[in-house]
Amino acid sequence: MAVIRKQVVAEVGVIVATGLKDIVPRQVDLSGDWDFAYAPGDGDGAVPELLPANRACCSMPMPGFWDDYVERLNEAYPAVKLRFSSAPDPVRFPMHGLAPDASLSHVIGIGQYECRFDAPAGARLTFEGGPTFLESCVWVNGKFVGRQPHYSTAWSMPLDGLVEPGASNRLSLQVANTDPRTMGCITRGYSGYAAGVVGPVGLRITGPARIADCYIHPAASGDILNWRVEVDRPADPAPMTLRWRVVDPETDVIVQEQARAVNAGANSWQTTAAGLSPWSDRSPTLYRIEIELWDRDVLSDVLHQRFGLRTIAAEGFGLRLNGQPIYLRGATEHAYFPQTCTLPLDKSYHRHYLRQLKALGFNWLRFHTWVPPEAYMDAADELGMLIQVETPAGADEHEWRDVLRACRRHPSVMIYCAGNEELLDEAKLDQLESWAAARRELAPDALFSPQEALRGIEYGWSDTDFGPGVVQEPYPHNPARLERVRSFADCFGQFAWGLHSYNSTACDPQLIDARLEDYQRPCLSHEVCIHGSYIDLDLEHRYTGTRIGTDLYAAARRHLREHGLEKHAALYYRNSCAWMRRLRKHAVENARRSCRVAGYDLLGAHDHHWHRTGYPCGIMNEFAEMKPGETAEEVRRYNNSSVLLLDHRGGWVASNAERWTGRLSTSLFDEVGPGSVRVDWQLRDEAGRVYRRGEATVDRLTVGSINDLIEISFDVPDFRAPRALVLAAQLSSSSLQIDNTWPIFVYPPAFWPDHRVRFADDLAERWAGQSGRAGASPPDHEGLRVVSALGDADVDALAAGGRILLLGARPFASRVTVFQIACAGRAEGNLATCIHDHPITRSLPHAGFCDWDFQRMLDGGEAVLGDVSGLPFDPIIEVVSSFKDIQKQAALFELRVGRGRLLVCSLGLAPDDAAAVHLLGACIGYANSSEFSPAHALEPGVLRALVADRNERQELAETDQGFDERAALKHW
């Protein structure tokens, strides 16, 4: 205790009865080591008793978390068993279904911090504490002061009548995590219910009159400042004088200053905003407000706080910041801190992260069910990052109002949201209406979003979520609930029916716009791109010696090793990132193409592995480092204030002599300046050779909307071999230059060596136009037979030396494939594809994985399960499952069967898909060549048994007595 007492005495001094003029208003920082006592607690929620003063056995840093200093507790309590939360189960794979959140064991109980301080005579003291996890109580000299029941905000408690002037006073702060009432991302996963104090702790010393609160916000016009200052002075109605000034912190120049009479209680007035520059995400101008409260010519209190002049308003389906249209390009903050585990306390940590987000084009950060501490909000104020705060599940209106009061001082905080995906039934809507009214009262310069994703209104976890009155057309929703929530909401965190997330490859922006007509408010698309990537095992060593540890990575490595795939982990990760990169760009651009979407929160700016025990969803890894292939320049092409967009109605795949057509537009949120606006486009290859080009001049562009630019149309170049090309477009004006690129794959008509090919009857008609002699019937052992399923006769032909190309999966066990990458954190679905070197694949324009030219083939295809079918695993085209539930899958592979040879392609091949036609031609050419020499063999008896088993399953399915294996294994 002596350490803290010396700090307080040195700053405050011991002032004894020398008059009010000797009181110097100030704030005293009590950071440092405090005496600490621990008790397990019983978690009954009652106000705990004060522990005896002699109970303290160690010191504990203030601020800080107990679990970061558990060795001190172990030394202090060698004979006392600390109470820990349940030890987590070891991380083991495989996992199935929804994997649980990761967790650690935490010290549970009551921690009592204590220090002593001397107080000046005649002064009023207020204790100020940073957010305390999970709740806290304060005593002075053994007398109870009050209780702070939540961890969302910093707080204060006056110590009136409890402090002994000129004497040594005992300050006791109890922090408890025994009775969790709420659940948010900051208290889930690895950080869990870790107990401690997050922000600074100190004493505020004032005269008899003190400034209880100061809130300054501009009027909607932005040219008037509304001031509200609350003064607390007991039992004295005499007027006081408030002197205030607005200072430019960069130059220390006083911009405005004034003195006015004030009384105890709330004092409101208005001043001009002339001379003040607005705060925005592009120009985060901050000012320092300095206030002095004079009581009978004695300085009684001072207050310094920062201020940013900004307005935010909803207008139709859009948002305006300081009267100008703005598009919110957000990331979801899930509170994952791999190096510290618990929330970092240093503002520089948050500044570093926010700078990285800004470099990627982000201007908005959605805090998923938690409220950032002051240091984080200060960093956002300084760097121009807009913020949405969310209360945790289970919060009450007292906590909601505390959040409003605490955050409204920060210009970065512009949206207050009441939670994430809670059920919006009639009782919840009653609560939300009250909370919306509180927002209008306490933070009129911000917006209210009732919930992230409107469960029970626009979607449900079950049919009962929608309640009475649900309609099915034009989409399932509850119109009465939507009408009611619309009456008090300023904007919505809208689900977009999963078409920007779970099923982003199927998104139709026009469908989204048609449905959003009912909302009549700005809609921020909820958790866009909820896609997962593979895990990077090379990061395992970064967790050595940390509290989180290496368990997740070690378990994934073991699982891969058990399947003989550890050597492929780096390839899987690299290819997964490539797939993710393409789908993320596609998802975000589709959101930008919807004129009734005002922004989005991208689920993954960086990975956060506490969720679902491994959640690799980000542009960056969990250490905020760019993943392979990612560049800030490329991300900004689709994640900036203005972007070029392509309605690629011509598709990703084109064929020689076709006419390709697409429509270019721009989502424009920058001024283009005077003069003409030029649009240029080129069709080029990776070497920079240009095959087609065009240019145009456009005018009458509208800022804050989607502007149609030009139609791009060209004859597809005549190539003899497939090519991967790039369509590049650029918009240039006197003050703006933006560009974007999209892939186009050109496949020439395939040449098929059809003189030795016979298609089975069910395929002959389908492929007759591609093979002039599809109906020819040479003996199977002399030519290639193409079939859609293997039967006993096919096995006999293989055993006798025939060649067969199987277009499909039967009789092998399989899973349906889709081009949609797996959802982040889930064990189901696929995370990568690999195109291995082989004579068939050498003619494809690939970079080692299935790009957009494989979309239709994957969406209509299957992957053969090697382990389930008992096959040697040596794929030509591999489909890579989640690392949580490894399934060896091949979409193209070959086998020796007896004296024959079998080539299997289970991708969906359609005659009107030029890429599929080429792949089939490549398969036929290879299977008819001398190169067709598979390295692995399968006994004919094994294959015959698979045929018999599949036939039996098919018969059961047809009589409704069994199951369809394909449907059973379907993963989406």
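The shown structure was predicted, so the numbers you read here are calculated from the model rather than taken from an experiment. (Residues numbered from 1 in each chain as written. Predicted model: local features only at pLDDT ≥ 70, side-chain atom pairs only at ≥ 80, totals over all residues. Heavy atoms only, no water.)

**Q** Describe in detail the overall build of the protein, supporting the description with residues and values.
**A** Secondary structure assignment for the protein yields 18 helices and 49 strands. The globule rule puts the C-alpha radius of gyration for 972 residues at 30 Å, and the 33 Å found for the protein is close to it. With respect to the three principal axes, the spread of C-alpha positions in the protein is 115 × 75 × 55 Å. Sequence-distant contacts, at least 24 apart, represent 72% of the contacts inside the protein between residues at least 6 apart. Per element, the accessible surface of the protein, about 36500 Å² overall, is 48% carbon and sulfur. Across the protein, the mean location of the 98 positive side-chain charges is 2 Å away from that of the 127 negative side-chain charges. (Helix = DSSP H or I, 4+ residues; strand = E, 2+ residues; numbered from the N terminus. Rg over C-alpha atoms; globule rule 2.2 N^0.38 Å. Contact = heavy atoms within 4.5 Å. Areas by Shrake-Rupley, 256 points an atom, 1.4 Å probe, with all protein chains shown as cover. Lys, Arg positive; Asp, Glu negative; His and termini not counted. Charge placed at Lys NZ, Arg CZ, Asp CG, Glu CD.)

**Q** Residue-level account of the packing of aromatic side chains, with values.
**A** Within this structure, the stated rule accounts for 39 aromatic pairs. Ring plane angle 50° and centroid distance 5.8 Å describe the contact between Trp579 and Phe819, whose orientation is recorded as tilted. Pair noted here: Trp579 is in helix H10 (residues 569-592) and Phe819 is in the loop between strand S43 (814-816) and strand S44 (830-835), with a separation of 240 residues, a long-range link. As far as burial versus exposure is concerned, Trp579 and Phe819 are alike and both buried. With centroids separated by 5.9 Å and ring planes inclined at 70°, the aromatic side chains of Phe812 and Phe893 adopt a geometry described as edge-to-face. Placement of the pair is Phe812 in the loop between strand S42 (803-807) and S43 and Phe893 in strand S47 (residues 888-897), with a sequence separation of 81 residues. For the pair Phe812 and Phe893, a shared accessibility class is recorded, and that class is buried. Through a chain of ring-to-ring contacts, the aromatic side chains of Trp34, Phe36, Tyr38, Trp66 and Tyr113 assemble into a single cluster. Over the face of the ring belonging to Trp461 we find Arg455, whose NZ or CZ atom lies 3.6 Å from the ring centre. (Phe/Tyr/Trp six-rings, centres within 6.5 Å; stacked < 30°, edge-to-face > 60°. Buried < 20%, exposed > 50% of the residue type's maximum accessible area, 1.4 Å probe, protein only. Lys NZ or Arg CZ within 6 Å of the ring centre and 35° of its normal.)

**Q** Describe the pairing of strand S39 (residues 737-747), naming the residues involved and giving the relevant values.
**A** Across the 11 residues that make up S39, a large majority, eight, are buried. With three bridges connecting them, strand S33 (residues 653-655) and S39 associate as parallel partners. Along S39, the bridge assignment pairs Val653 with Phe745. Judged from the 10 bridges that link them, strand S38 (residues 723-732) and S39 form a sheet pairing that is antiparallel. Counterpart to Val726 in the pairing with S39 is Pro743. (Pairing = 2+ DSSP bridges.)

**Q** With reference to specific residues and values, describe the pairing of strand S13 (residues 202-206).
**A** Burial of S13 is extensive: five of the five residues sit out of reach of the surface. Where burial is concerned, the two faces of S13 agree: the one with Gly202, Arg204 and Thr206 and the one with Leu203 and Ile205 are both buried. Taken together, the four bridges between strand S1 (residues 26-29) and S13 define a ladder with antiparallel strand orientation. Bridge pairing links Asp29 to Gly202 in S13. Across five bridges, the pairing between strand S6 (residues 124-129) and S13 is antiparallel.

**Q** Which residues make up helix H16 (residues 914-927), and what values do they have?
**A** Its 14 residues place the ends of H16 20 Å apart at the C-alpha level, agreeing with the 20 Å of an ideal helix rising 1.5 Å per residue. Burial analysis of H16 places 12 of its 14 residues in the buried class, which makes it a mostly covered element. Of all the residues in H16, the buried ones are Ala915, Ala916, Val917, His918, Leu919, Leu920, Gly921, Ala922, Cys923, Ile924, Tyr926 and Ala927. The opening residue of H16, the one whose side-chain oxygen lies 3.1 Å from the backbone nitrogen of Ala915, is Asp913. (Expected span 1.5 Å × (residues − 1). Polar contact = N/O pair within 3.5 Å; in protein donor to acceptor, adjacent residues only side chain to side chain.)

**Q** I'd like a description of the sheet that holds S33, backed by residues and values.
**A** Spatially, the five strands line up as an open sheet ordered S33-S39-S38-S35-S36, and their pairing is mixed. Edge positions in the sheet fall to S33 and strand S36 (690-698), since each has one partner strand and no second. Shown here is a sheet whose adjacent strand axes are inclined to one another by a mean of 25°, direction ignored. The strands touched by H16 are S33 and S39; relative to S33, the strand with the most contacts, the crossing angle is about 70°. (Axes fitted to C-alpha atoms, helices over the stretch in contact; angles between N-to-C directions.)

**Q** Could you give an account of the sheet that holds strand S5 (residues 110-118), with specific residues and numbers?
**A** The six strands are arranged S3-S2-S5-S11-S8-S9 in an open sheet whose pairing can be described as antiparallel. Either end of the sheet is taken by a strand with one partner, and the two such strands are strand S3 (58-62) and strand S9 (143-148). Sheet twist, expressed as the average angle between the axes of neighbouring strands with direction ignored, equals 30°. The pairing of strand S8 (residues 135-140) with strand S11 (residues 168-176) spans six bridges and is classified as antiparallel. Across the sheet, the residue bridging to Trp139 is Ser172, located in S11.

**Q** Help me get a handle on helix H4 (residues 374-383), residues and values and all.
**A** Of all 10 residues that make up H4, seven are buried, and the element is covered over most of its length. Buried within H4 we find Tyr376, Met377, Ala379, Ala380, Asp381, Glu382 and Leu383. A positive backbone phi angle near 80° is found at Gly384, which sits one or two residues after H4.

**Q** Break down the side chain of His526 for me, citing the residues and quoting the values.
**A** Position of His526 relative to the elements: it lies in strand S30 (residues 523-528). The residues contacting His526, other than those within four sequence positions of it, are Arg366, Asn420, Glu421, Glu452, Ala453, Gly493, Gln494, Phe495 and Asp601.

**Q** Residues and numbers for the side chain of Thr666, please.
**A** Within the secondary structure, Thr666 sits in strand S34 (residues 659-668). Residue class for Thr666 comes out buried when judged on its relative accessible area of 0%. Side-chain polar atoms of Thr666 contact the backbone oxygen of Val643, separated by 3.0 Å. Beyond its immediate sequence surroundings of up to four residues, Thr666 is in contact with Val643, Leu644, Ser705, Ile706, Asn707, Leu709, Leu731 and Ile738.

**Q** Report on the nonpolar core, specifying residues and quantitative values.
**A** In terms of nonpolar packing, the biggest core is built from 190 residues, with Tyr416, Phe854, Leu903, Leu907, Leu909 and Leu919 touching the most fellow members. For Tyr416, the residues in contact, after removing those within four places along its chain, are Val389, Trp400, Val403, Leu404, Cys407, Arg408, Arg439, Ala443, Ala446, Leu447, Phe448 and Ser449. Counting residues in hydrophobic clusters, the runner-up holds 39 residues, among them Ala37, Ala39, Leu73 and Val107. (Core = buried A, V, L, I, M, F, W, Y, C linked by side-chain atoms within 4.5 Å.)

**Q** Explain the packing of helix H3 (residues 347-359) against H4 to me, and be specific about the residues and the numbers.
**A** Between H3 and H4, the shortest axis-to-axis distance is 9 Å and the interhelical angle comes to 40°. By the angle between their directions, the pair H3 and H4 is classed as oblique. In this structure, H3 crosses over H4, and the sense of that crossing is right-handed. Every residue of H4 that contacts H3 at Lys347, His350, Arg351, Tyr353, Leu354, Arg355 and Lys358 is listed here: Ala375, Tyr376, Asp378, Ala379, Ala380, Glu382 and Leu383. (Parallel < 35°, antiparallel > 145°, perpendicular 65-115°, else oblique. Left-handed = near helix turned anticlockwise from the far one by under 90°.)

**Q** How would you summarise the environment of Cys58 if you had to cite specific residues and measurements?
**A** Position of Cys58 among the secondary structure elements: in strand S3. Along the backbone, Cys58 and Pro120 are 62 residues apart, and their C-alpha atoms lie at a distance of 29 Å. Among residues more than four places away in sequence, those in contact with Cys58 are Trp34, Asp35, Phe36, Arg72, Leu73 and Ala76.

**Q** I'd love a proper account of unusual backbone geometry, names of residues and values included.
**A** Residues Phe93 and Pro94 are joined by a peptide bond in cis, for which omega reads 15°. With respect to the helices and strands, Pro94 occurs in the loop between helix H2 (70-76) and S5. Following Glu473, the chain continues into Pro474 via a peptide bond in cis, with omega recorded as 0°. Backbone geometry places Asp252, a non-glycine residue, at a positive phi of 65°. Position of Asp252 among the secondary structure elements: in the loop between strand S16 (240-248) and strand S17 (253-262).

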